[in-house]
Each structure stands twice: as structure tokens, then as C-alpha cells.
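Architecture at a glance
Residue strings, one per chain:
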Amino acid sequence: MEDIRRRDFSINTLAFRLDGNHPGSFLDEVGGLEDLRRGIIRVLHQKSFRDDPTRIFRAVRYEKRLGFTIEPTTLALLSDGLSLIDKLSAARVRHELDRILLEENYTDILSRLQELGVLAHVHGFIKWDEGCRSRCEKIPRDNGIDPVFSRWIAWLLDLSRRDLSTLDNRLHFRASLRETLYAASTLYQSLGTMVRGKPSQIVDELDQYPITAIQVVRNVSQDLDIQQKLSAYLS
């Protein structure tokens, strides 16, 4: 019973008894079934987000995954607890964002996080706007690349290497992702000049970049000529 009352939200508390005099009996100690019927995301007590600020990310993730609504009191507590995100470790914040990027409708979740001011408390350089959404929506669902990897790159592609380095100081990206982010950013910003070169020059230039960076930049580019040249190189 004590474990149930430590759960994130009321809809996470529903359980069946596996022992005692009434095995198989349904347990609903905090009204989780009614919240499930109503489509409500509700924390169990006033200090829930203070106890674990990562619940802020999960509340939004569940809201969008399930098509539910964060109920007003929980939403107010979430807003009051935004400053607590600043105290979370890099690993815990990055873990929550990685899990969001694995969701089917991750773009809607990130839009909601931006709307609620959550991303601003992760870091000043991390944001979500229509440009980010447009790039991410161009990434094929099955392109042979780790979806979290490719979605991070598409999301942050317009940041400079300097800004990415500052953001990395907060989130501590894995080394492979960090280096690919740097490469993709540099490539993205130099495309206009590069594609005007001779084919041999373009090849020499692209040989300096990881294939994953080239694939993502090719996918998100709005310039048909750039797409064709990057596709020719990849082929």
C-alpha cells in the first residue's frame, strides 16, 4: 500500500491483490479508476513535483500519449515547480527527454513542454518552435538510425557549435551524439557554399562528416539541389 502512494499519478496506482485473503481483488485507493475514465492526469499530493521534479516531464508525456488532460490543481503545482528542474542532474533530464523522443507523438509533447515553460528551465538554448517541428517531421520513421539520435540532431540542428557546447555542459550528451551534433550543425550552416563546388570538391568536403550527420541534413533540407547532391554522395 505504501508503494502505491509513492506513485507518480493516480492512474499509476491501480492494482490487483496477489496475496492475502482476497487474491485478485481490485485496489483503487486514490480514485485512479475515475481519473482514468475522465482522462485526467493527477498527482497524489501537493509536494509530488517537489519530491521528484522529473514527474513534470512524465505528466506531459502521459497527457499527450493518452490524449488526457492535466487537471487544474496538478497543472498549477507543475507551474509552481518549474524552478526545481534547474536542480536536476544532467542524466535525469536527458533520460526524460530521451524517453520523450521515443514517443510516437513526441513533437506534440515537445510543443506542450515549450508552452508550459518546461524547456526554458532545462536550458536557455533549448527550445521548440515551428522550425524544429518542420525538421523533425521530415525524418523518416524507419531510416536505419536510432530514432532518439536522429531526432536530437534534427531538433538542435540550427544551433551553432558554440551553443551546442554550452547546452552539452547542461545535458552531458553521449560522446557519439555530441560529435554528430557538432558535425551536423557545421554541415547545415555550410551547405550553401559547399554545393556550389565541383563534384570532387563536394566529395572531399563531405568525407569529413559522419554519415549520420549527412543523412539527417539531407532529410531536413528544403533545397532540392542540396538533397540530390547529398543523396548522390550517400549512394
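Residues numbered from 1 in each chain as written. Predicted model: local features only at pLDDT ≥ 70, side-chain atom pairs only at ≥ 80, totals over all residues. Heavy atoms only, no water.

This next bit is on the overall build of the protein. Counting its regular elements, the protein contains 14 helices and 4 strands. Burial statistics for the protein: of 235 residues in total, 47% are counted as buried. Residue pairs in contact within the protein that sit at least 24 positions apart in sequence constitute 66% of those at least 6 positions apart. On the protein, roughly 12,100 Å² of surface is accessible, and the fraction owed to carbon and sulfur atoms is 47%. Across the protein, 34 positive and 34 negative side-chain charges occur, with their mean positions spaced 2 Å apart. (Helix = DSSP H or I, 4+ residues; strand = E, 2+ residues; numbered from the N terminus. Buried < 20%, exposed > 50% of the residue type's maximum accessible area, 1.4 Å probe, protein only. Contact = heavy atoms within 4.5 Å. Areas by Shrake-Rupley, 256 points an atom, 1.4 Å probe, with all protein chains shown as cover. Lys, Arg positive; Asp, Glu negative; His and termini not counted. Charge placed at Lys NZ, Arg CZ, Asp CG, Glu CD.)

Moving on to unusual backbone geometry. Notably, His172 is not glycine yet its phi reads approximately 50 degrees, a positive angle. Turning to its location among the elements, His172 is positioned in the loop between α10 (161-171) and α11 (175-194).

Inspection of the entire model under this criterion finds 19 salt bridges. Each of Asp8, Asp52, Arg55, Arg58, Arg92 and Glu96 takes part in one network of salt bridges that share partners. (Salt bridge = Lys/Arg side-chain N within 4 Å of Asp/Glu carboxyl O.)

With that settled, consider α10. Along α10, the residues that are buried comprise Leu164, Leu167, Asp168, Arg170 and Leu171. The arc that holds the buried residues of α10, viewed along the axis, is 155 degrees, so those residues lie on one side. Residues Arg162 and Asn169 are exposed on α10 and point more than 90 degrees away from its buried face. Those residues of α10 that are buried lie in contact with α5 (90-101), α7 (118-122), α9 (147-156) and α11. Backbone geometry just downstream of α10 places His172 in the positive-phi region, at approximately 50 degrees. (Arc of directions from axis to C-beta.)

With 67 residues, the main nonpolar core has Phe57, Leu97, Ile126, Trp152, Trp155 and Leu156 as its most contacted residues. Counting residues per element, this core draws most heavily on α11, at 8 residues. Apart from the residues lying within four places of it in its own chain, the contact partners of Leu156 are Ile126, Leu164, Leu167, Phe173 and Leu181. (Core = buried A, V, L, I, M, F, W, Y, C linked by side-chain atoms within 4.5 Å.)

Right, let's get into the packing of aromatic side chains. A complete count under the given rule lists 4 aromatic pairs for this structure. Judged by centre distance (5.0 Å) and plane angle (15 degrees), the rings of Trp152 and Trp155 are stacked. Highlighted residues: Trp152 and Trp155, both in helix α9, separated by 3 residues, approximately one helical turn. Of the two residues examined, Trp152 and Trp155, each falls in the buried class. (Phe/Tyr/Trp six-rings, centres within 6.5 Å; stacked < 30°, edge-to-face > 60°.)

The subject of this paragraph is the side chain of Ser48. In this fold, Ser48 is placed in helix α2 (residues 48-51). Looking at Ser48, the relative accessible area reads 1%, which means it is buried. Contacts of Ser48, omitting those with residues within four sequence positions, involve Asp8, Val43 and Arg55.

Where α11 contacts helix α13 (residues 211-220), the axes come no closer than 9 Å and their chain directions differ by 45 degrees. Relative to α13, α11 is oriented oblique. In the packing of α11 onto α13, the handedness of the crossing is right-handed. Contact residues: α11 offers Thr180, Ala183, Ala184, Leu187, Tyr188 and Leu191, while α13 offers Thr212, Ala213, Ile214, Val217 and Val220. Here the contact of α11 with α13 is built from residues that sort into 9 nonpolar, 2 polar and no charged. (Axes fitted to C-alpha atoms, helices over the stretch in contact; angles between N-to-C directions. Parallel < 35°, antiparallel > 145°, perpendicular 65-115°, else oblique. Left-handed = near helix turned anticlockwise from the far one by under 90°. Nonpolar A, V, L, I, M, F, W, Y, C, P; charged D, E, K, R; others polar.)

Spanning 20 residues, α11 covers 27 Å between terminal C-alpha atoms, matching the ideal 28 Å at 1.5 Å per step. At Tyr188, α11 is deflected by roughly 35 degrees, the largest bend along its length. Of the positions making up α11, those classed as buried are Leu177, Thr180, Leu181, Tyr182, Ala183, Ala184, Ser185, Leu187, Leu191 and Met194. Turning to α11, the residues buried within the fold contact α9, α10, α12 (199-206), α13 and α14 (224-234). (Expected span 1.5 Å × (residues − 1). Bend = angle between axes of the 7 residues up to and from the residue.)

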